[in-house]
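# Structure assessment
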Amino acid sequence: MDTTYSVKTSSLLDFDRKHLWHPYTSITNPLPVYPVESAEGVRIRLANGKELIDGMASWWAAIHGYNHPVLVDAIREQAARLPHIMFGGLTHGPAVNLARLLVECSPEPLEKVFLADSGSVAVEVAMKMAVQYQRARGFKEKNRFLSLRSGYHGDTFHAMSVCDPVTGMHGMYKNILPEYYFAEAPHCCFGGEWDPGDLASITRILQDRHSRICAVILEPVIQGAGGMRFYHPEYLRQVRSLCDQFEVLLIADEIATGFGRSGKLFGCNHAGISPDIMCLGKALTGGCMTLAAVLATAQVESVISSAAPGIFMHGPTFMGNPLACKTAEASIKLLFSSDWQTAVANIESQLIKGLFPLRPMKHVRDVRVLGATGVVELTSPVDMAAVQREFVARGVWVRPFGKLVYVMPPYIIDNNDLRTLTQAICQVVERIKTL
Ligand SMILES: *Cc1c(COP(=O)(O)O)cnc(C)c1O
(Lines give C-alpha, C1' and ligand atoms only; values in the text may rest on other atoms or scores of the structure.)
Protein backbone atom coordinates (compact mmCIF):
# COMPACT_ATOMS: atom_id res chain seq x y z
CA MET A 1 0.00 0.00 0.00
CA ASP A 2 1.27 3.45 -0.96
CA THR A 3 1.78 5.55 2.20
CA THR A 4 0.85 9.01 0.83
CA TYR A 5 -2.38 7.37 -0.20
CA SER A 6 -3.16 6.01 3.22
CA VAL A 7 -2.33 9.36 4.87
CA LYS A 8 -4.85 10.94 2.54
CA THR A 9 -7.36 8.25 3.44
CA SER A 10 -6.86 8.66 7.16
CA SER A 11 -7.32 12.43 7.00
CA LEU A 12 -10.44 11.90 4.91
CA LEU A 13 -11.75 9.52 7.56
CA ASP A 14 -10.85 11.99 10.33
CA PHE A 15 -12.82 14.77 8.71
CA ASP A 16 -15.71 12.43 7.99
CA ARG A 17 -15.86 11.37 11.64
CA LYS A 18 -15.86 14.92 12.90
CA HIS A 19 -18.23 16.56 10.43
CA LEU A 20 -20.37 14.22 8.38
CA TRP A 21 -23.69 12.66 9.18
CA HIS A 22 -24.30 9.24 7.63
CA PRO A 23 -27.80 7.73 7.41
CA TYR A 24 -29.31 7.27 10.88
CA THR A 25 -26.09 7.83 12.82
CA SER A 26 -24.48 10.02 15.44
CA ILE A 27 -21.36 12.09 14.75
CA THR A 28 -20.45 11.98 18.45
CA ASN A 29 -20.58 8.18 18.50
CA PRO A 30 -19.85 7.28 14.91
CA LEU A 31 -20.14 3.77 13.52
CA PRO A 32 -17.24 2.69 11.30
CA VAL A 33 -17.39 3.74 7.65
CA TYR A 34 -15.24 2.33 4.86
CA PRO A 35 -13.72 4.75 2.32
CA VAL A 36 -14.58 3.75 -1.25
CA GLU A 37 -12.23 4.44 -4.12
CA SER A 38 -14.34 3.23 -7.05
CA ALA A 39 -16.84 0.57 -8.04
CA GLU A 40 -17.24 -1.48 -11.16
CA GLY A 41 -19.72 -4.21 -12.00
CA VAL A 42 -20.48 -5.97 -8.70
CA ARG A 43 -17.15 -4.98 -7.12
CA ILE A 44 -16.73 -2.13 -4.64
CA ARG A 45 -13.08 -1.12 -4.36
CA LEU A 46 -12.08 0.30 -0.98
CA ALA A 47 -9.34 2.91 -0.56
CA ASN A 48 -7.03 0.27 0.93
CA GLY A 49 -7.29 -1.73 -2.29
CA LYS A 50 -9.64 -4.38 -0.91
CA GLU A 51 -12.46 -5.43 -3.20
CA LEU A 52 -15.93 -6.33 -1.96
CA ILE A 53 -18.70 -8.19 -3.79
CA ASP A 54 -21.75 -5.96 -3.55
CA GLY A 55 -24.83 -7.51 -1.97
CA MET A 56 -26.83 -4.29 -1.56
CA ALA A 57 -27.04 -2.62 -5.00
CA SER A 58 -26.72 0.60 -2.99
CA TRP A 59 -30.18 0.02 -1.45
CA TRP A 60 -32.08 -1.52 -4.38
CA ALA A 61 -30.74 1.02 -6.87
CA ALA A 62 -27.67 -0.25 -8.78
CA ILE A 63 -29.47 -3.02 -10.69
CA HIS A 64 -26.91 -3.03 -13.54
CA GLY A 65 -23.92 -2.91 -11.19
CA TYR A 66 -21.57 0.06 -10.97
CA ASN A 67 -19.90 2.17 -13.63
CA HIS A 68 -21.85 0.53 -16.46
CA PRO A 69 -20.42 1.88 -19.76
CA VAL A 70 -23.88 2.50 -21.27
CA LEU A 71 -24.95 4.60 -18.29
CA VAL A 72 -21.61 6.38 -18.01
CA ASP A 73 -21.81 7.32 -21.72
CA ALA A 74 -25.37 8.60 -21.33
CA ILE A 75 -24.27 10.75 -18.39
CA ARG A 76 -21.21 12.04 -20.21
CA GLU A 77 -23.17 13.01 -23.32
CA GLN A 78 -25.98 14.66 -21.43
CA ALA A 79 -23.56 16.48 -19.09
CA ALA A 80 -21.82 17.99 -22.11
CA ARG A 81 -25.13 19.04 -23.71
CA LEU A 82 -27.52 20.09 -20.93
CA PRO A 83 -27.00 18.91 -17.35
CA HIS A 84 -29.86 21.00 -16.00
CA ILE A 85 -32.53 23.46 -16.99
CA MET A 86 -35.61 24.62 -15.11
CA PHE A 87 -38.79 22.68 -15.94
CA GLY A 88 -41.10 25.66 -15.46
CA GLY A 89 -42.08 26.83 -18.94
CA LEU A 90 -39.42 24.65 -20.64
CA THR A 91 -39.22 21.01 -21.65
CA HIS A 92 -36.63 18.68 -23.21
CA GLY A 93 -36.06 15.31 -24.83
CA PRO A 94 -34.77 13.44 -21.78
CA ALA A 95 -37.93 14.21 -19.74
CA VAL A 96 -40.29 13.42 -22.62
CA ASN A 97 -38.51 10.22 -23.62
CA LEU A 98 -38.39 8.99 -20.04
CA ALA A 99 -42.08 9.77 -19.51
CA ARG A 100 -42.95 7.90 -22.72
CA LEU A 101 -41.05 4.82 -21.50
CA LEU A 102 -42.69 4.97 -18.06
CA VAL A 103 -46.20 5.27 -19.51
CA GLU A 104 -45.51 2.34 -21.83
CA CYS A 105 -44.10 -0.05 -19.24
CA SER A 106 -46.36 0.74 -16.26
CA PRO A 107 -49.80 -0.83 -15.64
CA GLU A 108 -52.32 0.36 -18.23
CA PRO A 109 -54.28 3.40 -17.05
CA LEU A 110 -51.24 5.18 -15.57
CA GLU A 111 -50.33 7.91 -18.02
CA LYS A 112 -49.66 11.22 -16.28
CA VAL A 113 -46.10 11.64 -15.02
CA PHE A 114 -44.66 13.91 -12.33
CA LEU A 115 -40.85 13.84 -12.17
CA ALA A 116 -39.66 14.36 -8.61
CA ASP A 117 -36.19 14.39 -7.12
CA SER A 118 -36.20 11.58 -4.54
CA GLY A 119 -38.35 8.74 -3.29
CA SER A 120 -39.64 10.57 -0.22
CA VAL A 121 -40.59 13.56 -2.34
CA ALA A 122 -42.43 11.23 -4.75
CA VAL A 123 -44.42 9.90 -1.79
CA GLU A 124 -45.23 13.47 -0.69
CA VAL A 125 -46.35 14.28 -4.23
CA ALA A 126 -48.55 11.17 -4.43
CA MET A 127 -50.14 12.05 -1.06
CA LYS A 128 -50.81 15.63 -2.17
CA MET A 129 -52.40 14.31 -5.38
CA ALA A 130 -54.74 12.10 -3.36
CA VAL A 131 -55.79 14.98 -1.09
CA GLN A 132 -56.31 17.35 -4.01
CA TYR A 133 -58.27 14.68 -5.89
CA GLN A 134 -60.78 14.09 -3.08
CA ARG A 135 -61.07 17.80 -2.39
CA ALA A 136 -61.80 18.45 -6.07
CA ARG A 137 -64.59 15.84 -5.90
CA GLY A 138 -66.05 17.78 -2.99
CA PHE A 139 -64.90 15.37 -0.28
CA LYS A 140 -62.93 17.76 1.91
CA GLU A 141 -63.17 15.37 4.86
CA LYS A 142 -61.42 12.59 2.92
CA ASN A 143 -57.97 13.89 3.76
CA ARG A 144 -56.37 11.11 5.80
CA PHE A 145 -54.35 8.08 4.81
CA LEU A 146 -54.52 4.38 5.52
CA SER A 147 -51.30 2.37 5.37
CA LEU A 148 -49.96 -0.95 6.60
CA ARG A 149 -47.92 -1.82 9.65
CA SER A 150 -44.32 -2.78 8.80
CA GLY A 151 -44.41 -0.36 5.88
CA TYR A 152 -41.74 2.11 4.86
CA HIS A 153 -42.34 5.14 2.63
CA GLY A 154 -39.51 7.58 3.29
CA ASP A 155 -38.14 10.03 5.82
CA THR A 156 -39.89 13.36 5.18
CA PHE A 157 -42.75 14.22 7.53
CA HIS A 158 -45.78 13.02 5.60
CA ALA A 159 -43.94 10.02 4.19
CA MET A 160 -42.89 9.20 7.76
CA SER A 161 -46.50 9.52 8.95
CA VAL A 162 -47.46 6.48 6.84
CA CYS A 163 -44.40 4.38 7.86
CA ASP A 164 -44.81 1.74 10.57
CA PRO A 165 -45.55 3.74 13.74
CA VAL A 166 -43.07 1.72 15.84
CA THR A 167 -40.04 1.39 13.55
CA GLY A 168 -40.85 4.85 12.14
CA MET A 169 -40.53 6.17 15.72
CA HIS A 170 -43.74 8.16 15.61
CA GLY A 171 -43.56 8.67 19.36
CA MET A 172 -40.61 11.00 18.92
CA TYR A 173 -42.63 13.36 16.71
CA LYS A 174 -45.88 13.24 18.61
CA ASN A 175 -48.06 16.34 18.08
CA ILE A 176 -46.26 17.40 14.92
CA LEU A 177 -46.68 14.22 12.92
CA PRO A 178 -50.16 13.71 11.47
CA GLU A 179 -51.83 10.60 12.93
CA TYR A 180 -53.24 8.26 10.32
CA TYR A 181 -54.77 4.80 10.18
CA PHE A 182 -52.78 1.57 10.15
CA ALA A 183 -54.04 -1.84 9.11
CA GLU A 184 -52.34 -5.03 10.26
CA ALA A 185 -49.71 -6.13 7.78
CA PRO A 186 -50.84 -9.19 5.79
CA HIS A 187 -49.68 -12.48 7.34
CA CYS A 188 -50.03 -14.70 4.27
CA CYS A 189 -46.65 -15.13 2.67
CA PHE A 190 -45.86 -14.82 -0.97
CA GLY A 191 -46.09 -18.34 -2.37
CA GLY A 192 -47.98 -19.58 0.69
CA GLU A 193 -51.66 -20.20 1.20
CA TRP A 194 -54.16 -17.38 1.01
CA ASP A 195 -56.35 -16.71 4.02
CA PRO A 196 -59.15 -14.14 3.56
CA GLY A 197 -58.80 -13.39 7.29
CA ASP A 198 -55.83 -11.24 6.32
CA LEU A 199 -58.30 -8.64 5.07
CA ALA A 200 -60.19 -8.24 8.33
CA SER A 201 -58.16 -5.32 9.65
CA ILE A 202 -58.07 -3.19 6.52
CA THR A 203 -61.74 -3.93 5.73
CA ARG A 204 -62.84 -2.85 9.20
CA ILE A 205 -60.93 0.43 9.00
CA LEU A 206 -62.31 1.20 5.56
CA GLN A 207 -65.86 0.38 6.67
CA ASP A 208 -65.58 2.63 9.73
CA ARG A 209 -63.47 5.46 8.35
CA HIS A 210 -63.80 5.64 4.57
CA SER A 211 -65.46 9.05 4.79
CA ARG A 212 -62.18 10.38 6.22
CA ILE A 213 -59.74 8.43 4.02
CA CYS A 214 -58.45 9.72 0.69
CA ALA A 215 -56.05 6.90 -0.14
CA VAL A 216 -54.50 3.63 0.88
CA ILE A 217 -50.72 3.68 0.46
CA LEU A 218 -48.73 0.44 0.46
CA GLU A 219 -45.68 -1.30 -0.95
CA PRO A 220 -46.86 -4.00 -3.37
CA VAL A 221 -45.79 -7.58 -2.44
CA ILE A 222 -42.46 -6.64 -0.77
CA GLN A 223 -42.51 -4.53 2.38
CA GLY A 224 -38.94 -3.24 2.29
CA ALA A 225 -37.13 -1.22 4.95
CA GLY A 226 -40.03 -1.68 7.42
CA GLY A 227 -39.36 -5.40 7.84
CA MET A 228 -38.43 -7.09 4.53
CA ARG A 229 -41.69 -9.06 4.38
CA PHE A 230 -43.05 -10.74 1.24
CA TYR A 231 -46.83 -11.02 1.23
CA HIS A 232 -49.51 -12.75 -0.85
CA PRO A 233 -50.51 -10.98 -4.10
CA GLU A 234 -54.16 -11.86 -3.41
CA TYR A 235 -54.02 -9.28 -0.60
CA LEU A 236 -53.11 -6.64 -3.14
CA ARG A 237 -55.90 -7.73 -5.47
CA GLN A 238 -58.46 -7.57 -2.67
CA VAL A 239 -57.24 -4.19 -1.42
CA ARG A 240 -57.64 -2.87 -4.96
CA SER A 241 -61.29 -3.85 -4.96
CA LEU A 242 -61.85 -2.54 -1.41
CA CYS A 243 -60.44 0.82 -2.53
CA ASP A 244 -62.93 0.89 -5.44
CA GLN A 245 -65.77 -0.11 -3.16
CA PHE A 246 -65.04 2.68 -0.65
CA GLU A 247 -64.00 5.33 -3.19
CA VAL A 248 -60.49 5.54 -1.86
CA LEU A 249 -57.44 5.85 -4.13
CA LEU A 250 -54.74 3.21 -4.14
CA ILE A 251 -51.16 4.51 -4.07
CA ALA A 252 -48.58 1.82 -4.90
CA ASP A 253 -45.16 2.72 -3.56
CA GLU A 254 -42.96 0.78 -6.00
CA ILE A 255 -39.81 2.72 -5.09
CA ALA A 256 -38.07 -0.47 -3.88
CA THR A 257 -39.99 -3.08 -5.91
CA GLY A 258 -39.94 -1.32 -9.28
CA PHE A 259 -37.85 -2.46 -12.24
CA GLY A 260 -37.77 -6.20 -11.73
CA ARG A 261 -36.57 -6.73 -8.17
CA SER A 262 -39.48 -9.04 -7.24
CA GLY A 263 -39.24 -11.08 -10.46
CA LYS A 264 -41.89 -9.05 -12.29
CA LEU A 265 -41.31 -5.56 -13.61
CA PHE A 266 -43.51 -4.08 -10.86
CA GLY A 267 -44.85 -5.61 -7.66
CA CYS A 268 -48.39 -4.82 -8.86
CA ASN A 269 -47.88 -7.16 -11.83
CA HIS A 270 -47.94 -10.16 -9.44
CA ALA A 271 -51.58 -9.34 -8.69
CA GLY A 272 -52.47 -8.07 -12.16
CA ILE A 273 -53.74 -4.83 -10.68
CA SER A 274 -53.21 -1.21 -11.46
CA PRO A 275 -53.02 1.48 -8.78
CA ASP A 276 -54.42 5.00 -9.20
CA ILE A 277 -51.03 6.49 -8.36
CA MET A 278 -47.61 4.80 -8.46
CA CYS A 279 -44.29 6.01 -7.04
CA LEU A 280 -40.98 5.02 -8.62
CA GLY A 281 -37.42 5.80 -7.51
CA LYS A 282 -34.29 3.94 -6.42
CA ALA A 283 -33.50 1.72 -9.50
CA LEU A 284 -35.07 4.30 -11.85
CA THR A 285 -31.63 5.67 -12.85
CA GLY A 286 -29.84 2.37 -12.31
CA GLY A 287 -28.51 3.84 -9.09
CA CYS A 288 -26.49 6.60 -10.75
CA MET A 289 -28.49 9.62 -9.83
CA THR A 290 -31.31 10.75 -7.59
CA LEU A 291 -34.64 10.81 -9.43
CA ALA A 292 -38.18 9.66 -8.76
CA ALA A 293 -41.43 9.63 -10.66
CA VAL A 294 -45.10 9.64 -9.74
CA LEU A 295 -47.50 8.16 -12.28
CA ALA A 296 -51.23 8.82 -12.10
CA THR A 297 -54.29 7.84 -14.11
CA ALA A 298 -55.96 10.32 -16.46
CA GLN A 299 -58.94 10.20 -14.08
CA VAL A 300 -56.86 11.40 -11.09
CA GLU A 301 -55.29 14.16 -13.17
CA SER A 302 -58.51 15.42 -14.73
CA VAL A 303 -60.35 15.54 -11.41
CA ILE A 304 -57.48 17.50 -9.82
CA SER A 305 -57.58 19.98 -12.71
CA SER A 306 -61.37 20.29 -12.68
CA ALA A 307 -61.65 22.25 -9.42
CA ALA A 308 -59.94 25.31 -7.95
CA PRO A 309 -57.05 26.00 -8.05
CA GLY A 310 -57.12 23.89 -11.22
CA ILE A 311 -53.45 22.99 -10.98
CA PHE A 312 -51.39 20.42 -9.13
CA MET A 313 -49.55 22.28 -6.39
CA HIS A 314 -45.96 21.05 -6.49
CA GLY A 315 -42.79 21.90 -8.42
CA PRO A 316 -39.28 21.22 -7.16
CA THR A 317 -36.31 23.26 -8.42
CA PHE A 318 -34.66 20.20 -9.94
CA MET A 319 -37.87 18.73 -11.35
CA GLY A 320 -37.20 16.79 -14.56
CA ASN A 321 -33.43 17.22 -14.27
CA PRO A 322 -32.17 16.30 -17.78
CA LEU A 323 -29.05 14.51 -16.56
CA ALA A 324 -31.07 12.23 -14.28
CA CYS A 325 -33.84 11.72 -16.88
CA LYS A 326 -31.35 10.77 -19.57
CA THR A 327 -29.68 8.30 -17.21
CA ALA A 328 -33.06 6.80 -16.30
CA GLU A 329 -33.98 6.41 -19.96
CA ALA A 330 -30.65 4.66 -20.63
CA SER A 331 -31.07 2.42 -17.57
CA ILE A 332 -34.61 1.32 -18.48
CA LYS A 333 -33.60 0.59 -22.09
CA LEU A 334 -30.59 -1.35 -20.81
CA LEU A 335 -32.90 -3.37 -18.56
CA PHE A 336 -35.32 -4.11 -21.41
CA SER A 337 -32.49 -5.11 -23.76
CA SER A 338 -31.24 -7.64 -21.19
CA ASP A 339 -32.79 -10.94 -20.17
CA TRP A 340 -33.44 -9.61 -16.69
CA GLN A 341 -36.24 -12.11 -15.96
CA THR A 342 -33.80 -15.00 -16.32
CA ALA A 343 -31.13 -13.16 -14.33
CA VAL A 344 -33.53 -12.41 -11.45
CA ALA A 345 -34.94 -15.98 -11.49
CA ASN A 346 -31.41 -17.34 -11.35
CA ILE A 347 -30.50 -15.09 -8.40
CA GLU A 348 -33.69 -16.27 -6.70
CA SER A 349 -32.78 -19.96 -7.04
CA GLN A 350 -29.15 -19.38 -5.99
CA LEU A 351 -30.27 -17.42 -2.92
CA ILE A 352 -32.69 -20.21 -2.01
CA LYS A 353 -29.96 -22.80 -2.39
CA GLY A 354 -27.37 -20.71 -0.53
CA LEU A 355 -29.48 -19.33 2.34
CA PHE A 356 -32.15 -21.94 3.14
CA PRO A 357 -29.59 -24.17 4.94
CA LEU A 358 -29.66 -21.50 7.70
CA ARG A 359 -33.32 -22.23 8.43
CA PRO A 360 -32.85 -24.87 11.14
CA MET A 361 -30.53 -22.66 13.25
CA LYS A 362 -31.93 -21.71 16.64
CA HIS A 363 -31.19 -18.00 16.39
CA VAL A 364 -32.66 -17.80 12.86
CA ARG A 365 -36.38 -17.02 12.85
CA ASP A 366 -36.92 -17.18 9.09
CA VAL A 367 -35.14 -17.24 5.77
CA ARG A 368 -37.09 -15.94 2.77
CA VAL A 369 -36.30 -15.20 -0.83
CA LEU A 370 -38.31 -13.42 -3.52
CA GLY A 371 -36.87 -12.46 -6.87
CA ALA A 372 -33.42 -10.95 -6.40
CA THR A 373 -33.94 -10.35 -2.66
CA GLY A 374 -32.85 -12.67 0.15
CA VAL A 375 -33.57 -12.16 3.84
CA VAL A 376 -32.30 -13.90 6.97
CA GLU A 377 -34.38 -12.81 9.94
CA LEU A 378 -32.74 -13.50 13.30
CA THR A 379 -34.35 -13.77 16.70
CA SER A 380 -32.57 -10.70 18.06
CA PRO A 381 -30.93 -7.56 16.64
CA VAL A 382 -27.34 -7.83 15.44
CA ASP A 383 -24.39 -5.64 16.34
CA MET A 384 -24.25 -3.87 12.99
CA ALA A 385 -20.65 -2.63 13.19
CA ALA A 386 -19.29 -6.03 14.22
CA VAL A 387 -21.31 -7.92 11.63
CA GLN A 388 -20.32 -5.49 8.90
CA ARG A 389 -16.66 -5.97 9.83
CA GLU A 390 -17.10 -9.74 9.52
CA PHE A 391 -18.58 -9.33 6.05
CA VAL A 392 -15.83 -6.96 4.89
CA ALA A 393 -13.21 -9.44 6.14
CA ARG A 394 -14.88 -12.05 3.89
CA GLY A 395 -14.82 -9.74 0.87
CA VAL A 396 -18.52 -8.94 0.64
CA TRP A 397 -20.64 -5.87 1.25
CA VAL A 398 -23.75 -6.63 3.33
CA ARG A 399 -25.29 -4.09 5.66
CA PRO A 400 -27.75 -5.61 8.12
CA PHE A 401 -30.25 -3.67 10.18
CA GLY A 402 -32.03 -4.75 13.33
CA LYS A 403 -32.73 -8.48 13.17
CA LEU A 404 -32.36 -8.58 9.41
CA VAL A 405 -29.38 -9.70 7.35
CA TYR A 406 -30.51 -9.21 3.76
CA VAL A 407 -29.18 -8.89 0.23
CA MET A 408 -30.48 -7.49 -3.06
CA PRO A 409 -27.49 -7.72 -5.40
CA PRO A 410 -27.16 -6.13 -8.85
CA TYR A 411 -28.90 -8.32 -11.48
CA ILE A 412 -25.57 -8.85 -13.28
CA ILE A 413 -24.00 -10.81 -10.42
CA ASP A 414 -22.72 -14.24 -11.54
CA ASN A 415 -23.07 -17.56 -9.75
CA ASN A 416 -19.52 -17.58 -8.36
CA ASP A 417 -19.99 -14.20 -6.71
CA LEU A 418 -23.43 -15.22 -5.49
CA ARG A 419 -21.92 -18.31 -3.91
CA THR A 420 -19.25 -16.22 -2.17
CA LEU A 421 -22.00 -13.88 -0.96
CA THR A 422 -24.29 -16.60 0.41
CA GLN A 423 -21.36 -18.53 1.94
CA ALA A 424 -20.26 -15.36 3.74
CA ILE A 425 -23.80 -14.85 5.03
CA CYS A 426 -23.92 -18.45 6.29
CA GLN A 427 -20.55 -18.12 8.04
CA VAL A 428 -21.35 -14.75 9.60
CA VAL A 429 -24.85 -15.78 10.73
CA GLU A 430 -23.27 -18.90 12.27
CA ARG A 431 -20.73 -16.66 14.07
CA ILE A 432 -23.37 -14.16 15.24
CA LYS A 433 -24.17 -16.58 18.09
CA THR A 434 -20.74 -15.77 19.51
CA LEU A 435 -20.34 -12.10 18.52
C1 LIG B 1 -36.38 4.07 -0.14
C2 LIG B 1 -37.85 4.15 -0.16
C3 LIG B 1 -38.52 5.38 -0.10
C4 LIG B 1 -37.79 6.69 0.08
O5 LIG B 1 -36.95 6.99 -0.99
P6 LIG B 1 -35.74 8.04 -0.77
O7 LIG B 1 -35.16 8.19 -2.14
O8 LIG B 1 -34.82 7.41 0.22
O9 LIG B 1 -36.34 9.30 -0.26
C10 LIG B 1 -39.89 5.37 -0.16
N11 LIG B 1 -40.59 4.21 -0.27
C12 LIG B 1 -39.97 3.02 -0.36
C13 LIG B 1 -40.79 1.78 -0.52
C14 LIG B 1 -38.58 2.93 -0.28
O15 LIG B 1 -37.99 1.73 -0.32
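Up top you'll find the structure we're talking about.
Residues numbered from 1 in each chain as written. Predicted model: local features only at pLDDT ≥ 70, side-chain atom pairs only at ≥ 80, totals over all residues. Heavy atoms only, no water.

### Notes on the side chain of Ser 201
Going by this rule: Helix and strand definitions here come from DSSP, where helices need a minimum of 4 consecutive H or I residues and strands a minimum of 2 consecutive E residues; each element is numbered from the N-terminal end. Classification of residues uses two cut-offs on accessible area relative to the type maximum, computed with a 1.4 Å probe and protein chains only: under 20% is buried, over 50% is exposed, and between them is partly exposed. Pairs of N or O atoms within 3.5 Å make up the polar contacts considered here, provided that, within protein, one atom can donate a hydrogen while the other can accept it, and that residues adjacent in sequence are counted only when both atoms are side-chain atoms. The contact criterion used is simple: two residues touch if any of their non-hydrogen atoms lie within 4.5 Å.
Here Ser 201 lies in helix α7 (residues 200–209). Its relative accessible area of 11% is what places Ser 201 among the buried residues. Polar side-chain contacts of Ser 201 include one of 2.9 Å to the backbone nitrogen of Glu 184. With sequence-adjacent residues up to four places away left out, Ser 201 is seen in contact with Ala 183 and Glu 184.

### Looking at the packing of aromatic side chains
Keep this limit in mind: In this scheme Phe, Tyr and Trp rings, the latter by its six-membered ring, pair at centre separations within 6.5 Å, and the angle between planes marks the pair as stacked below 30 degrees, edge-to-face above 60, and tilted otherwise. A ring is considered to have a charge above it if a Lys NZ or an Arg CZ atom is located within 6 Å of its centre and within 35 degrees of its normal.
Under the criterion given, the structure shown has seven aromatic pairs. Seen in terms of ring centroids, Phe 114 and Phe 312 are 5.6 Å apart; in terms of plane orientation they differ by 90°. Their pairing is edge-to-face. Of the two residues, Phe 114 is situated in strand β4 (residues 110–116) and Phe 312 in the loop between α9 (298–306) and α10 (322–337); the sequence distance between them amounts to 198 residues. Taking the relative accessible area as the measure of exposure, Phe 114 reaches 7% and is therefore buried. When the ring of Phe 145 is compared with that of Tyr 180, the centres are 5.4 Å apart and the planes differ by 70°; the resulting orientation is edge-to-face. Remark: Tyr 180 occurs in the loop between α6 (157–161) and β6 (181–183) and Phe 145 occurs in strand β5 (residues 144–148); sequence separation between them is 35 residues. On the basis of relative accessibility, which here comes to 14%, the residue Tyr 180 falls in the buried class. Positioned above the aromatic ring of Phe 356, the side-chain terminus of Arg 359 is 3.8 Å from the ring centre.

### Looking at the pairing of strand β7 (residues 213–218)
Selection rule: Here, strands pair whenever DSSP counts at least two bridges between them.
The buried fraction of β7 amounts to six of the six residues, a majority that puts the element mostly inside the structure. Pairing analysis gives four bridges linking β5 to β7, with the strands arranged parallel. Bridging from a neighbouring strand, Arg 144 pairs with Ile 213 of β7. Pairing between β7 and strand β10 (residues 249–253): four bridges, direction parallel. Its bridge partner being in β10, Ile 217 is matched across the sheet by Ile 251.

### Looking at the packing of α7 against helix α8 (residues 233–245)
This is how it is decided: To obtain an axis, a line is fitted to C-alpha atoms, over the contacting stretch when the element is a helix, and the angle between two such axes runs from 0 to 180 degrees between their N-to-C directions. Geometric relationships in this document are graded by angle, where less than 35 degrees denotes roughly parallel, more than 145 denotes roughly antiparallel, 65 to 115 denotes roughly perpendicular, and other angles denote oblique. Note that Gly is not counted as nonpolar here; it falls among the polar residues with everything else outside the nonpolar set of Ala, Val, Leu, Ile, Met, Phe, Trp, Tyr, Cys and Pro and the charged set of Asp, Glu, Lys and Arg.
At a closest axis distance of 11 Å, the pairing of α7 and α8 adopts a crossing angle of 10°. On the basis of the axis angle, α7 is roughly parallel to α8. Two secondary-structure elements touch here, α7 through Ile 202, Thr 203 and Leu 206 and α8 through Tyr 235, Val 239 and Leu 242. A class-by-class count of the residues in the contact of α7 with α8 yields five nonpolar, one polar and no charged.

### Side note on the site of the ligand
Where we set the bar: Residue proximity to a molecule or strand is established when one non-hydrogen atom of the residue lies within 4 Å of it. Accessible surface is estimated by sampling points in the Shrake-Rupley manner with a 1.4 Å probe; for residues, cover comes only from the protein chains shown.
In the vicinity of the ligand, the contacting residues are Ser 118, Gly 119, Ser 120, Tyr 152, His 153, Gly 154, Glu 219, Asp 253, Ile 255, Ala 256 and Lys 282. Within the backbone of Gly 119, an N or O atom sits 2.9 Å from an oxygen atom of the ligand. Lys 282 has a polar side-chain atom sitting 2.5 Å from an oxygen atom of the ligand. Within the complex, the protein chains bury 82% of what would otherwise be the 380 Å² of accessible surface of the ligand.

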